[in-house]
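What follows is each chain in one-letter form.
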Amino acid sequence: MPRLNESQKGVILALSAFFMWGFLAVYFNLFSKDVDAYEILAHRIIWSFFLMAAVLCINGKMGEIFALLKDIRSLKALFLSGIFITINWGVYVYAVGSGKILDTSLGYFINPLISMLLGVIVFKERLSKASAIAVCIVIAAVCVQIYAKGGLPLVSIILPLSFGFYAMVRKMAKISAFNGLFIETFFMFPFALGYVLWLAFHSQSHFGLNEDSLLMIASSIVTIVPLVAFNAATTRINLTTIGYLQYISPTIAILCAVFIYGEILDGYKVVSFCMIWLALAIISVDKFRKRSKNE
């Protein structure tokens, strides 16, 4: 069996991340309705920090972290990316808890457009004619949603912007996936811990001997695994390719929203989502033709 090259590994890692993210709404819907998004977010950060710290200690990698803490330029980048990913996590958990999974799907359908544009503007990546056509179709699909709603939902704006800039900063930082994510949560940890302690002091905490507490702790696993896979993918393949693959996650989320949680998929949503899938089909056919010519 031939060994995979770095580009192939990157595609596999990205696919794994997006499949896991696609079903993330199912996990966060397991929480009791009286547990708000901010408390879930805080615990998500705290337990992710502890889990990664344990892994680093067991593998004897804390020396790499201490060395990284001396690199001021990297720390600035990771503090910025930490803010972006925290915003993304918080908005997502809020949207899922508010029954707006379809809005998150639209946001993550817009996400590839953001990744492609950032790839072109910041990293000087080139778009093929097929890719340019696909981008235009995605823009038209977004316009359909804006027309239908009389405006684009904030959830659908903040999610792709925060994640697109997160991916951009992490790619520029060129830091290993796991170490970078640990430093990001290290920066966000004091804020998360402060909020949890504030809740406890005011007797508003839901953490204790209950199912929600187990879900809070386990959120570290569902957070870290796909994000590490994604970060590892960004160092192996360009943002344009990642942009194509990102359609997987919101497509799965749509299916979950409609068939599991009963959200209404109206005509305008169907039209816009079909346009986006058409864009993906155009890109896929173009890449297949180019690959066939090279073989």
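Residues numbered from 1 in each chain as written. Predicted model: local features only at pLDDT ≥ 70, side-chain atom pairs only at ≥ 80, totals over all residues. Heavy atoms only, no water.

Student: What is the right way to look at the nonpolar core in this model?
Tutor: Side chains of a nonpolar character, in soluble globular proteins, are inclined to be buried together. One finds Phe28 and Phe230 to be the most contacted residues of the largest nonpolar core, which totals 89 residues. Ranked by the residues each element gives to this core, the list is headed by helix 5 (residues 72-97), at eleven residues. Apart from residues lying up to four places away in sequence, Phe28 is in contact with Ile40, Arg44, Tyr92, Val93 and Val96. (Core = buried A, V, L, I, M, F, W, Y, C linked by side-chain atoms within 4.5 Å. Buried < 20%, exposed > 50% of the residue type's maximum accessible area, 1.4 Å probe, protein only. Helix = DSSP H or I, 4+ residues; strand = E, 2+ residues; numbered from the N terminus. Contact = heavy atoms within 4.5 Å.)

Student: How should I be thinking about the side chain of Thr86 in this particular structure?
Tutor: Secondary-structure assignment places Thr86 in helix 5. Using a relative accessible area of 15% as the deciding quantity, one classes Thr86 as buried. Contacts of Thr86, omitting those with residues within four sequence positions, involve Leu41, Ile45 and Met188.

Student: What is the right way to read the packing of helix 9 (residues 177-201) against helix 10 (residues 211-234) from this model?
Tutor: Remark: helix 9 packs on helix 10, axes separated minimally by 8 Å, with the N-to-C direction vectors making an angle of 125 degrees. Relative to helix 10, helix 9 is oriented oblique. Crossing hand, helix 9 versus helix 10: right-handed. Two secondary-structure elements touch here, helix 9 through Ala177, Phe178 and Leu181 and helix 10 through Ile224, Leu227, Val228, Asn231 and Ala232. (Axes fitted to C-alpha atoms, helices over the stretch in contact; angles between N-to-C directions. Parallel < 35°, antiparallel > 145°, perpendicular 65-115°, else oblique. Left-handed = near helix turned anticlockwise from the far one by under 90°.)

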